[in-house]
Each structure stands twice: as C-alpha cells, then as structure tokens.
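Observations on the three-dimensional arrangement
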Amino acid sequence: MFAKAFRVKSNTAIKGSDRRKLRADVTAAFPSLGTDRVSELIPGKEELNVVKLYAHKGDAVTVYMTGGNPILFELEKNLYPTVYTLWSYPDLLPAFTTWPLVLEKLVGGADLMLPGVVVPPTGLPQVQQGDLCAIALVGNRAPVAVGVAAMSTTQMLASGLKGKGFSVLHTYQDHLWKSGDKSSPPAIAPLAVNPTDSNEEKVDLGLHGNLSSLTLEGEEEKRKVHHPEASEDTSSGALSQGSLDGKPLQEQMDDLLHQCFLHALKSRVKKADLPLLTSTLLGSHMFSCCPEGQQLDIKKSSYKKLSKFLQHMQQEQIVQVKELSKGVESIVAVDWRHPRITSFVIPEPSLTSQTVQEGSREQPYHPPDIKSLYCVPASMTQLFQESGHKKGSTLEGSEVRRIVIDYAKKNSLVDADNRNLVKLDPVLCDCILEKNEQHSVMKLPWDCLLTRCLQNMQPAYQVTFPGQEPILKKGKLSPIDITLAQKAYNKKVTVVRNLETYGLDPCSVAATLQQRCQASTIVSPAPGAKDSLQVQIQGNQIHHLGQLLLGGNIKTKAFTNCPDTLISMCRTDQKPTPHLPCHVLSASPCCILLI
C-alpha cells in the first residue's frame, strides 16, 4: 500500500476527546496490549498528530504519529500497527517468518506467498482468514511487515503451503516507514524451543515464482554454518523445562538467580564498593557469576524485576537497599556473616571456561598508534622545496618546526635586536599572511610564526595497527563520539560513532555494552558516513560509557581529547550532562574490551 509515495491531505494535532477515543479503539482492537501499554503507546500529554493521506492507489488512510514516527494507521475503520510500534511490542500480533531474500519483494509491493513462509518446529501460529499478522525474518523476531491472512492456518496446511498467504499492507523501508526516523529493526532473538527429532519438511521458497526454491533443511544447515555461536547458545544457553531435576522453568531461574546473587556477594563485591548501584551488581557481578551454558533472565523468574528480588533479600537481612538519588537504587550495606552467604559454596569453574579466559588474556586488545601529520599545500611549496619536500608531502609537527627554523636562520631572518622576532621575507609572507596583512606585518614572534605555518597546512594522520602496515589518511581524525538523543515516547538513547577508526568492531562493542549497561543495543549504518556503523544503547548511558572509556586511563590524558567535566564526572557520582560529547583518541578505546 505504501510501496509508492503518497499524498498528504492534512496534518493536525489530535483533540483530547479524539485521543481518548483512539485509546478505546486500540484497547478494543488489541486486547492483549493491556491498559498500561496502551497509555504508553498513546501518551496523555505528548504531541500526537493525525495525518490524513491518499495512497498511490487512491485509498484514504489516517496515520497517527507521535515523536516523529507513525505508530498506527487506519484503513476502512480498521486500525493497524506500524513496524515502529511492533518493534516495541513484537508479540502484539501472531508472527510468521520468511527469508531475508523475500523482504526486497515485499517492499516492492508484492504479497507474501505461502512457499515463502518458514515453518518453525513448533508449527505455524493459529490464525483465521482476515486476521491481522506480523511478518518477521529468520533469526530476528522484530517484524518487518504487517499484513492480513488470506486463509486460515488450517487452509494453509491443507493447500500444501501453496498460493497467496498474506496481503501485505505495510513494510519496513516503504514510504510510511520513511515518514518516521528511518531507524532499523532491533535485534530480537528468536524464542528458544526444544529440539525435535523429526525430520524437517522441505518447503519450496519463493514469491509466486520470482525466487528460486530453497528448503527449510538447507537453511537450517546454512544458519549452523554462518551462526555457530547462536546455535550453541540456543541449544545450551537457555534453561529448558525439566532440564534440571525436572523442576519448572520459573523455579530453575529462581535457583539460578539466588546462586548468582550469593556468588557475587561472596567473591566479587567488597566493602569498599559500597554503595553499589543495583544495576552494576547485576551487570558487572551477577551475570559474570552465571555458570557456563546457562543464561540468567530475571523476567523468567518469579520475581520478574531486580528491585522485587532485592526487596526479598532485604527482608532476609542479607543486604540493605536505599534510593540515594531519585529513581536510582543502591546497595548500602551487606551482612557478609549472614548464614546464607557463609554457607554458600562457590562452584569451581569448568575447564572450558578456564581455557576461554586464558585465551582471552593471551590476545588483549591493543590500540593503534596514531600520529598527527601535516601535508604541504601548493601555496607553501617554496618554503619546503629547499628541504627536498614537494606538494603533498607529509611531515610531522616537529619536522615542520625544524624546517621553518632552518629556513629563517639560513636566510638571516632572525631579528638582530630581538632574537624572539623573525623578519618576514616574500616567501614567508605568501605562506602565512592574509592579503590585508601583506604590507602591515613585517615581523612575527617564533611561536606565532610556527603556529601559522601549521594552521595553513593540510591536516592528516597515520594509523598503525599492531602487525599491520601504516594507513595514511588526509583530513582531521574523527574521534569516538558519544551523544545523547531523544526518540519517541520521550525515550533517550546513547549513540556511539567512529569506532572502526580505532580497530573496534561495533558489533562486539554493542555486545559488551549490552551486558555492561544492561540495556538493549542496536548496530545500524551511521547517517552521513559511508561504510561506517554506529552503536545505539537504550537510555542515558553517557556516565557509564565515560567510565568504560576513561575509567582505567584517566591519567593518560595526553592521549585523550575529552572535556574535563566528563573526566571529573567519571571520578565522582555527578549526573551526566545531556548532549555531552566525548572525543576519545588512541589510548582510551581499549577500556571497552578490557574492563
């Protein structure tokens, strides 16, 4: 429907009565959303616009937008969520899965044919003809399209998965998506399922004959080849029903939560660490105490939230939790003589984890060696030609100073009365003086002369990674940039750019930050930068990132170009300043991977 550009008829702010009616309509259309989530989706005080438009086929559509993103659209008195809404609530609609190759066809306006549907081991979701459905890609539950089922699940299976399956109304990368902030789908891991011994059925893949046939079995082998880590994590990382002594999953997670908590208090948390942020306890201590092959997920426990679990531990008088600042809880006291802590036996690490740790210590991250250089421009070739340098030659700052000093002494330009001044000959005048200074400035101090020479040269830099050839690039070095941005629903995100310059893989950094900050992360193309990625972290993480980047290397300030306010903030508990950029050069990026 939105494969081609649409025509906007009007764009107005919603009235209070219409806002309340919209909430009621959303609650009726999507009862699984719940009252709290409806209030979050349609905020009471934030700006909400109603956009009336005509699609390229003439359909009249009403779109509801907030925070710059379309969240819902109405067609023939039926409400449909956009992909922006489904990324926040991926389980809002029954979801069917297809291959990434199919997405290009859907964006072009094609409907989803049944041969292009991937049948999961648990079977297809149960839907009726006309039901609203979401379409996701293999390996990621984040929906990329919204459509209407052309037949029921029973009819799909009876037809042998042939024919038209879904009428697609809206997709990621269509013109409705382009009317928002054009963000990419978040990475949402597929739900863990128990492996089955049954052979996979071969399903032809295609869009009405446009795609070559593939098999589900073949794709499973491809995923194992290209994503061995994800495969191992699915098979061994998640706790399965009845895998440990026949206990229910929730009870298993409760036991694991208590084990990691006691392990962290007994072996990692020290008295000098108090007061300790509860988020730091979870991210930096409890997760690292999780046994190999298991994954700690508080949402799957009976407590659901860390704060509720810590309240229970406080009732047992193991810890004392206080809200030292508004909305931020910290552990202020620990009773290390409590019987549960003293009787807890720390499990011995497995040989596999020891080998991995030793291997990671053998290959630490080494930051690149970065040199600031200067290129000789055409206007200054006469000054440098006597020293054997021509246009485009690269020099270090010390070489430039030496050449300028030798030139001044060789041509007797040092003032006899005041040796701190240099007389300007025609060559120096053409190199460093503006046109309006040609006849007024006759002498300059040494520091001013050298500074002007460096300023008039083209900046460049040389990056040398360990064991590799130096890389020479012209222009100014782009530092690692950390900024705070505001998204829809008054949510804030922290964006990190320019990691590749320092040999840091954005995907690896995102995984590290996700565990360290305990927040979701997205790796997406950096706007305005070719072949560059940015890492987006949910929430205001500037303070946390400042500690990661500068925590161990604050004393090496010679290698950093960072505001003093951020450095002092990392040493204390000051609140981070919004939109505070952090420009980090060579030495600091290693903190990300070493901490």
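Residues numbered from 1 in each chain as written. Predicted model: local features only at pLDDT ≥ 70, side-chain atom pairs only at ≥ 80, totals over all residues. Heavy atoms only, no water.

1. Focus on the packing of aromatic side chains
Tallied over the full model, the rule gives nine aromatic pairs. Taking the centre distance of 5.4 Å and the plane angle of 70° together, the rings of Y84 and W87 count as edge-to-face. Here Y84 and its partner W87 are both found in helix α3 (residues 83-88), three residues apart, which amounts to about one turn of the helix. Here Y84 and W87 have matching classes, each one buried. Judged by centre distance (5.1 Å) and plane angle (80°), the ring pair of Y172 and W177 falls under edge-to-face. Overall, the relative accessible area of 11% leaves Y172 in the buried class. By relative accessible area, which is 9% here, W177 ends up buried. (Phe/Tyr/Trp six-rings, centres within 6.5 Å; stacked < 30°, edge-to-face > 60°. Helix = DSSP H or I, 4+ residues; strand = E, 2+ residues; numbered from the N terminus. Buried < 20%, exposed > 50% of the residue type's maximum accessible area, 1.4 Å probe, protein only.)

2. Topic: the environment of A150
Here A150 shows up in the loop between β10 (140-149) and α5 (153-158). For A150, a relative accessible area of 26% puts it in the partly exposed group. Placed 19 residues apart in sequence, A150 and D131 show a C-alpha to C-alpha distance of 8.4 Å. Not counting chain neighbours up to four residues away, the residues in contact with A150 comprise Q129, K164, G165 and F166. (Contact = heavy atoms within 4.5 Å.)

3. Quick word on unusual backbone geometry
The residue after L274, namely P275, is reached through a cis peptide bond having omega -5°. Within the secondary structure, P275 is located in the loop between α9 (249-267) and β12 (276-277). Even without being glycine, L161 reaches a positive phi, approximately 55°. Of note, Q317 is a non-glycine position whose phi angle comes to about 65°, a positive value.

4. Some points on the pairing of strand β20 (residues 471-474)
With four bridges joining them, strand β19 (residues 458-464) and β20 adopt antiparallel strand pairing. Looking across to β20, one finds that A460 is bridged to K474. The antiparallel pairing of β19 with β20 creates a hairpin that spans six residues between the two strands, and G467 there sits at a positive phi of about 80°. (Pairing = 2+ DSSP bridges.)

5. Regarding the sheet that holds strand β5 (residues 78-81)
What the five strands build is an open sheet, ordered β1-β2-β3-β4-β5; its pairing is antiparallel. At either end of the open sheet lies a strand with only one pairing partner, and these are β1 (7-13) and β5. Taken over all neighbouring pairs, the strand axes of this sheet differ in orientation by 25° on average, direction set aside. Note that strand β4 (residues 69-75) and β5 share four bridges and pair antiparallel. (Axes fitted to C-alpha atoms, helices over the stretch in contact; angles between N-to-C directions.)

6. Structural notes on the sheet that holds strand β13 (residues 319-325)
Spatially, the three strands line up as an open sheet ordered β12-β14-β13, and their pairing is antiparallel. At either margin of the open sheet sits one strand with a lone partner, and together these are β12 and β13. Here β12 pairs with strand β14 (residues 328-334) via two bridges, running antiparallel. Residue pairing for β14: L276 is matched across the bridge by I331. Sitting on the sheet, helix α11 (residues 306-315) is in contact with β13 and β14, with an inclination near 130° to β13.

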